[in-house]
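What follows is each chain in one-letter form.
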Amino acid sequence: MEHSPEELIGNFQFQRILKNDPKEKTLVLLGLIDNKDAIVFLEKSHFNVDQGSFKVGDIIKEIRLINNNDVYFWSSALIEHSLPEAPSGKVNIIYPATETHIKKYEEQKIHYITETPEMYATYVKPYIESMKGDRIKWVYNILFHGKESETFVYHDKDPDNGFVLLPDMKWDKVNMDSLYLCCIVNRCDISSIRDLNSSHISFLENLKKKIITITCTTYSIKADELRVFVHYQPSYYHLHIHVVNLMHQGLGNGIAAGRAILLDDVIENLRLVSDYYQVRNLNYFLGENHGLWAIEGFREAN
Ligand code: M7G
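Residues numbered from 1 in each chain as written. Predicted model: local features only at pLDDT ≥ 70, side-chain atom pairs only at ≥ 80, totals over all residues. Heavy atoms only, no water.

Caption draft 1: Quick look at the overall build of the chain. In terms of regular secondary structure, the chain is built from nine helices and 14 strands. Relative to the compact-globule value of 19 Å for 302 residues, the chain shows a C-alpha radius of gyration of 21 Å, a close match. When its C-alpha atoms are laid out on the principal axes, the chain stretches across 60 × 50 × 45 Å. The burial tally for the chain puts 42% of its 302 residues in the buried class. Considering only intrachain contacts with a sequence separation of at least 6, the fraction spanning at least 24 residues in the chain is 63%. Just so you have it, the chain exposes about 16,800 Å², and 52% of that area is on carbon and sulfur atoms. Seen as two clouds, the 32 positive and the 41 negative side-chain charges of the chain have centres 1 Å apart. (Helix = DSSP H or I, 4+ residues; strand = E, 2+ residues; numbered from the N terminus. Rg over C-alpha atoms; globule rule 2.2 N^0.38 Å. Buried < 20%, exposed > 50% of the residue type's maximum accessible area, 1.4 Å probe, protein only. Contact = heavy atoms within 4.5 Å. Areas by Shrake-Rupley, 256 points an atom, 1.4 Å probe, with all protein chains shown as cover. Lys, Arg positive; Asp, Glu negative; His and termini not counted. Charge placed at Lys NZ, Arg CZ, Asp CG, Glu CD.)

Caption draft 2: Broad picture of the site of the ligand. Looking at the ligand, there are 16 residues lining it, with K104, E148, D168, H231 and S235 nearest. Interatomic distance of 2.8 Å between a side-chain N/O atom of K104 and an oxygen atom of the ligand. A distance of 2.8 Å is found between an oxygen atom of the ligand and a side-chain nitrogen or oxygen belonging to K170. Among the secondary structure elements, those contributing two or more residues to the shell around the ligand are β9 (163-167) and β12 (240-245). Looking at the shell around the ligand residue by residue, the classes come out as seven nonpolar, four polar and five charged. (Near = heavy atom within 4 Å. Polar contact = N/O pair within 3.5 Å; in protein donor to acceptor, adjacent residues only side chain to side chain. Nonpolar A, V, L, I, M, F, W, Y, C, P; charged D, E, K, R; others polar.)

Caption draft 3: Examining the domain arrangement of the chain more closely. In terms of domains, the chain is made up of domain 1 (5-89) and domain 2 (108-301). Averaged C-alpha coordinates put domain 1 and domain 2 at centres separated by 29 Å. (Domains from an automatic or database assignment.)

Caption draft 4: Here's a closer look at a nonpolar patch on the surface. Together, F47, V49, F54, V56 and I79 make up a nonpolar patch on the protein surface, roughly 430 Å² of accessible area in all. For I79, a relative accessible area of 48% gives the class partly exposed. (Patch = residues over 30% accessible without salt bridge, like charges linked within 9 Å, V, L, I, M, F, W, Y side chains within 5 Å. Salt bridge = Lys/Arg side-chain N within 4 Å of Asp/Glu carboxyl O.)

Caption draft 5: Representation of the state of the cysteines within the structure. Scanning the entire structure with this criterion turns up zero disulfides. Sulfur of C216: no disulfide; nearest cysteine sulfur belongs to C183 and is 14 Å away. (Disulfide = S-S within 2.5 Å.)

Caption draft 6: Expanded view of the nonpolar core. In this structure, L165, L204, L207 and I241 are the most contacted members of the largest nonpolar core, which totals 51 residues. Top contributing element to this core by residue count: helix α6 (residues 201-218), with seven residues. Setting aside anything within four residues of it in sequence, one finds I241 in contact with L181, C182, C183, L207, I211, V228, F229, V230 and L263. Counting ten residues, the second-largest nonpolar core is a separate cluster that includes V139, F152, V164 and I184. (Core = buried A, V, L, I, M, F, W, Y, C linked by side-chain atoms within 4.5 Å.)

Caption draft 7: Quick look at the sheet that holds strand β1 (residues 13-21). Here four strands make up an open sheet; going across it, the order is β1-β2-β3-β6 and the pairing antiparallel. Each end of this open sheet is capped by a strand with a single partner; those strands are β1 and β6 (89-94). Across the sheet, the mean angle from the axis of one strand to that of its neighbour is 20°, orientation sign disregarded. With eight bridges joining them, strand β2 (residues 26-33) and strand β3 (residues 36-44) adopt antiparallel strand pairing. Note that in β3 the partner of L32 across the bridge is D37. (Pairing = 2+ DSSP bridges. Axes fitted to C-alpha atoms, helices over the stretch in contact; angles between N-to-C directions.)

Caption draft 8: Quick look at the packing of aromatic side chains. This structure, assessed with the given rule, holds eight aromatic pairs. Above the ring of W293, the side-chain terminus of R299 is found at 6.0 Å from the ring centroid. (Phe/Tyr/Trp six-rings, centres within 6.5 Å; stacked < 30°, edge-to-face > 60°. Lys NZ or Arg CZ within 6 Å of the ring centre and 35° of its normal.)

Caption draft 9: Highlighting the sheet that holds β9. Taken in spatial order, the six strands line up as β8-β9-β10-β12-β11-β13 in an open sheet, and their pairing is antiparallel. Single-partner strands in this sheet number two, and they are β8 (154-156) and β13 (260-262). Strand after strand, the sheet turns through a mean of 25° between neighbouring axes, direction not considered. Each of β11 (226-231), β12 and β13 touches helix α7 (residues 263-272); the most contacted strand, β13, lies at about 65° to it.

Caption draft 10: Quick peek at unusual backbone geometry. For the peptide bond that leads from Y95 to P96, omega is -10°, which places it in the cis range. If you trace the backbone, P96 turns up in the loop between β6 and α3 (99-105). Unusually for a residue other than glycine, D70 sits at a positive phi of about 55°. Tracing the sequence through the fold places D70 in the loop between β4 (60-69) and β5 (72-79). Looking at D70, the relative accessible area reads 60%, which means it is exposed. A positive phi angle is found at K173, which is not glycine, with a value near 65°. Along the chain, the position of K173 falls in the loop between β9 and β10 (180-185).

Written out as structure tokens, the structure is:
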């Protein structure tokens, strides 16, 4: 069942604001489409300026002085988008949205977690198993059912070492400053970094080398301009790697300490200690709406 975004937005009945972030310039709305929950995620694009032909007067439609003092002038303005062909915003829709989706996007208190190997074995691993099914259907659609294949940047079909590299749904595919690719591995036996050990080093090294070479040849960006990382906890438990322009700072918690771990650091840690991710405590932050936070034993063990 395919829907067009126009149709979904046209039928969207607003219910409440889940989150309104002034810094990230994002607004997340909850509503109903055909009596089913739906999430609409709005994000204002940042300025996409063509150095050669840019005239600031062309994009400012109304300017009204608020005040001035000495050499300082501040005004309100109606600003149009910098390049006429560039999108001024991005709209993501999740429909039908599950309770987990709603909770993920909702404003919530966050807590610092020190996850011991025992907490992982007792609470996190069973939680991960329970989250597989439908929650990562989109991953299997990409890997095995040709979904989004028209956008693939690269597809290596080898079942053990292969992967898909494709534009992440966070990227508008236009603005290079916010370049965001997602690399999803074909193998299904690695849910998170907790499953990695030294036997995966060459697999990860090969992955990293290929991701960087392909990204840099496809887009005019250099290797030292990329942030290549994984999340712990990730939202989806199937190994995937985030490949993002370093310039892209507007990612809030997505690139923060306590969530993002550089792929190079993962490899380096495995080189130093073979079972690094099995034996150590992992520190991260977690929203109160996260399924793990709902587990009393997990909260008490923290
Ligand atoms: P994550 O670390 O599991 O969670 O990353 P996060 O979403 O909290 O960052 C999953 C990544 O996959 C994110 O960067 C998502 O934007 C991206 N993503 C999620 N979905 C459902 C899709 C999708 O259907 N298509 C594509 N191309 N990317 C997706």
